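Summary of the model geometry
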Amino acid sequence: MPIVRVACYRQEQPFRDGPYAVSGGRVSLGFDSLVVRLTAADGTEGHLIEGWGEMSPLGTTYDPAFAGGARAAALELAPALVGLPADQPLALKRSLDRALKGHPYAKSAFDMAGWDLAARLAKRPLAEFLGGRYGEGTALYRSLSQEGPEAMAARARKYWAEGYRRLQVKVGGDPLEDEARLRAVAAALPAGAVLFCDANGGYAVGDARRFLGRTADLDYVFEQPCATYRESVSLRGHCPHPLVLDENIVDLESVVMAALDGVDGITIKSARAGGVTPARLLRDAAVELGLKVTVEDTGGSDLDTAAMAHLSLSTPAERRQHTVDFHNWVTVSNGSGLPGTEGGLLRAPTGPGLGIAVDLASLGAPLLEVG
Ligand code: 0XW
Ligand code: MG
């Protein structure tokens, strides 16, 4: 059952709700996605089976990743997969790592497609193929682009009305302005709303301490306050709230260190880790270490969201934080199969693999094809 063909596509995905801003004035207008299609013989004479994956960075300044880099790396990665067995995603990931050192984000869609292919061959939804299906779905959060306090409060009300019960307030700038943002959003929402304040690494340590001191009366989770791991962890003793790390969670060592340093939770992103294989490894380690876990990604549409739905659903419910529904962030779809998100829950497709029937016409002509 060898992989006989590898094709890559680009899909530009504008945001439904306009520009998305995080700390430091970093603004994006949409995702720029790389979609990977693996084609293999399925063992029956003349029959072919496909596996699909997707990855989009968030602009060029969120992580050390950019869409043009992923497309350039695809030229090195795609030929390495032709001829590999279609039912061995771990071996496929090793081949990606042998073909190109580093660049985990560029490997993410290839690795994801390898898991979709193997799970389809096994005729199992990816969550079950990964070993578990805990509950009906994963709680969704919606991120509030960084704006003035009233604009953020208005968006919070809109998302609450759409069913989201968890809101991520983008902070990481001036601590007094951020305090006003947080208080406006908190006042706009009914009791029971769960708030995360995500600085995306934007605070100087002293500004983060100031924000913490001024907002000690509010209930929220503090996410990725400063740029470096050391700075962020130095806040542990000053932070009465749960502290979670996102951008600093890059590999297994960072997960183990976070647990040892008293961090409460982590966010694993498939693109940052390098695909489903490392995301699952970090997730399983975090669960064993007693951390709360979010499995999500940096961007994409239906294919990427489906992968996050399966990874999240196969995370034990008592350790799971929440995840994102990127297909609802963007104006373009790349396939069908994701169930509705009623009640603020991301449910996983029930079909084999990712469970997405890809809309080929939405992808246009391939950027590259080998095999
Ligand atoms: C909210 N997100 C998942 C979307 C962007 O990719 C960044 C990320 C975050 O946590 O900042
Ligand atoms: Mg974050």
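Residues numbered from 1 in each chain as written. Chains lettered and ligands numbered in written order. Predicted model: local features only at pLDDT ≥ 70, side-chain atom pairs only at ≥ 80, totals over all residues. Heavy atoms only, no water.

**A word on the site of ligand 1**
So the rule is basically this: The nearness test applies per residue and asks whether one of its heavy atoms lies within 4 Å of the molecule or strand. Side-chain atoms alone can form a polar contact between residues adjacent in sequence; in general such a contact is a pair of N or O atoms within 3.5 Å, and within protein one must be able to donate a hydrogen while the other accepts it. Accessible surface is estimated by sampling points in the Shrake-Rupley manner with a 1.4 Å probe; for residues, cover comes only from the protein chains shown. Here a cavity means grid points, on a 1 Å grid over the protein atoms only, where a 1.4 Å probe fits yet cannot get out; a pocket means an open set of points with protein on both sides within 12 Å along at least five of seven lines; lining residues are those with an atom within 4 Å of a point. Whether a molecule lies in a cavity or pocket depends on its atoms, and more than half of them have to be within 2 Å of the grid points. Counting from the N terminus, the helices are DSSP H or I runs at least four residues long and the strands are E runs at least two residues long.
Lining the immediate environment of ligand 1, one finds 17 residues, of which Tyr141, Lys170, Asn200, Asp246 and Thr298 sit closest. Within the contact set of ligand 1, an oxygen atom lies 3.2 Å away from a side-chain nitrogen or oxygen of Asp198. Asn200 places a polar side-chain atom, nitrogen or oxygen, 2.8 Å from an oxygen atom of ligand 1. For ligand 1, whose unbound accessible area comes to 300 Å², protein coverage reaches 100%. Applying the majority rule of atoms within 2 Å of the grid points places ligand 1 in the largest cavity. Listed by contribution, the elements that provide at least two residues to the shell around ligand 1 are β7 (141–144) and β8 (166–170).

**Brief notes about the state of the cysteines**
Rules: Disulfide: a pair of cysteine sulfur atoms within 2.5 Å of each other. Relative accessible area decides the class of each residue, using a 1.4 Å probe on protein chains only: under 20% of the type maximum gives buried, over 50% gives exposed, and in between gives partly exposed.
Using the criterion set out here, one finds 0 disulfides in the structure. We note that Cys239 lacks a disulfide partner, and the nearest cysteine sulfur, in Cys197, lies 10.0 Å from it. Classification of Cys239 by relative accessible area gives buried; the value is 7%.

**A short note on the coordination of the magnesium ion (ligand 2)**
The criterion, for reference: The donor set covers N, O and S atoms within 2.8 Å of the metal, switching to 3.2 Å for Na, K and Ca, and it leaves out water, so a site may look short of donors.
Protein coordination of the magnesium ion (ligand 2) is provided by Asp198 (OD), Glu223 (OE) and Asp246 (OD), with donor distances spanning 2.0 to 2.3 Å. Sequence positions of the donors to the magnesium ion (ligand 2) reduce to the motif D-x24-E-x22-D. Here the residue Asp198 occupies a position in strand β9 (residues 194–198), and Glu223 occupies one in strand β10 (residues 221–223), the gap between them amounting to 25 residues. For Asp198, a relative accessible area of 1% translates into the label buried. Judged by relative accessible area, Glu223 falls into the buried class, the value being 2%.

**Let's talk about unusual backbone geometry**
A negative phi angle characterises most non-glycine residues, just as the trans form characterises most peptide bonds. In this model, His103 sits at a positive phi of 50°, which is unusual for a non-glycine residue. The residue His103 is located in the loop between α2 (89–99) and α3 (104–121) in this model. The class of His103 is partly exposed, set by a relative accessible area of 40%. Even without being glycine, Asn200 reaches a positive phi, approximately 45°. Overall, the relative accessible area of 5% leaves Asn200 in the buried class.

**What about the sheet that holds strand β17 (residues 368–370)?**
The line we're drawing: Pairing between strands is defined by DSSP: at least two bridges between them are needed. Structural elements are reduced to axes, namely lines fitted to C-alpha atoms, with helices fitted over the stretch in contact, and the angle between N-to-C directions of any two is expressed from 0 to 180 degrees. Two residues form a contact once any of their heavy atoms are found within 4.5 Å.
Spatial strand order, β5-β4-β1-β17: 4 strands in an open sheet with antiparallel pairing. Edge strands, defined here as strands with exactly one partner in the open sheet, are β5 (48–55) and β17. In this sheet, adjacent strand axes meet at a mean angle of 15° when their direction is disregarded. Pairing of strand β4 (residues 30–41) with β5 involves 8 bridges; the strand directions are antiparallel. Paired with Thr39 across the strands is Glu50, a residue of β5. Against the sheet, α3 touches β1 (3–14), β4 and β5, its axis set at about 145° to β5.

**Details of empty space enclosed by the protein**
What counts, and what does not: Grid points are joined across faces, edges and corners, and a volume is the space filled by probe spheres set on the points. Under the scheme applied, nonpolar residues are Ala, Val, Leu, Ile, Met, Phe, Trp, Tyr, Cys and Pro; charged residues are Asp, Glu, Lys and Arg; polar residues are all the others, including Gly.
Inspection of every chain in the model, using the stated rule, returns 2 cavities of 30 Å³ or more. Approximately 150 Å³ is the volume attributed to the largest cavity. Around the largest cavity, the lining comprises 19 residues; the ones closest to its centre are Tyr20, Leu58, Tyr62, Lys269 and Phe326. Secondary structure elements with two or more residues in the lining of the largest cavity: β7 and β8. Its residues assigned to classes, the lining of the largest cavity comprises 8 nonpolar, 4 polar and 7 charged. Phe15, Asp17, Gly18, Pro19, Tyr20, Arg142, Ser143, Leu144, Ser145, Arg155, Tyr159 and Trp329 together form the lining of the second largest cavity.

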